[in-house]
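The primary structure of each chain is shown beneath.
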Amino acid sequence: MYDENDLKLQDLKVANTKEISDIYDINQALIPDVGSLKDIGTLKKLIELSKISEALKVKGELVGFYVCFGEKSEYDSINYKYFNKKYSRFLYVDRIGVKKSFENRGFGKYLYSNIFKKMRASDQALCAEVNILPKNERSLIFHENLGFTRVLDKEINHKYKVTYMEYYASRI
């Protein structure tokens, strides 16, 4: 087990080349549970456009990350655009992931708890989507257990369907 002193969050906007490469590798290892990235340059662009993006290090080892967008971003995701049309103020979790060898140890909850802390003073919605085709049952259960509510199922194409989920800062 780890204590708080073993955990460190780092702003990805100041991450070095090795750290960005590690994040890219974690992301790609989690496909199809998270969206594929074309290349490291795509990840760098997402981080640049993000409102908040952080990496989690455990005893110095990079084990997880998240990338979130706020309203009015230039981000060109169909899923992001759904929430951008719906809300004037929100935070969208585009991707969140934990290295497979560190799964089921509470690090996903830790990452989300940090997002919740950043939202505590606001009354905005925290938004995400979870794949339902291919189905990501673990993520659905995880998000529902955190308090997210399913608001809409959307078919993107015949091989890809998501459920949009929301969590309201007033619950924090």
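Since the structure is predicted, the reported quantities are computational estimates derived from the model, not experimental observations.

Scanning all chains against the criterion turns up 16 aromatic pairs. Measuring from centroid to centroid gives 6.1 Å for Phe69 and Tyr80, while their planes differ by 65 degrees, and the two rings are edge-to-face. You can see Phe69 sitting in strand E3 (residues 61–70) and its partner Tyr80 sitting in helix H3 (residues 78–86), a full eleven residues away along the chain. You'll find Phe69 and Tyr80 in the same group, each marked buried. Between Phe83 and Tyr164, the ring centres sit 5.2 Å apart and the planes meet at 75 degrees, which makes this aromatic pair edge-to-face.

This next bit is on helix H2 (residues 40–49). Buried within H2 we find Leu43, Leu46 and Ile47. With its buried residues spanning 100 degrees around the axis, H2 presents them on a single face. At its buried positions, H2 is contacted by helix H1 (17–29), strand E2 (52–58), E3 and strand E4 (90–98). Among the residues of H2, the N-terminal cap falls to Asp39, whose side-chain oxygen and the backbone nitrogen of Gly41 are separated by 3.1 Å.

Calculation criteria
Residues numbered from 1 in each chain as written. Predicted model: local features only at pLDDT ≥ 70, side-chain atom pairs only at ≥ 80, totals over all residues. Heavy atoms only, no water. Phe/Tyr/Trp six-rings, centres within 6.5 Å; stacked < 30°, edge-to-face > 60°. Helix = DSSP H or I, 4+ residues; strand = E, 2+ residues; numbered from the N terminus. Buried < 20%, exposed > 50% of the residue type's maximum accessible area, 1.4 Å probe, protein only. Arc of directions from axis to C-beta. Contact = heavy atoms within 4.5 Å. Polar contact = N/O pair within 3.5 Å; in protein donor to acceptor, adjacent residues only side chain to side chain.

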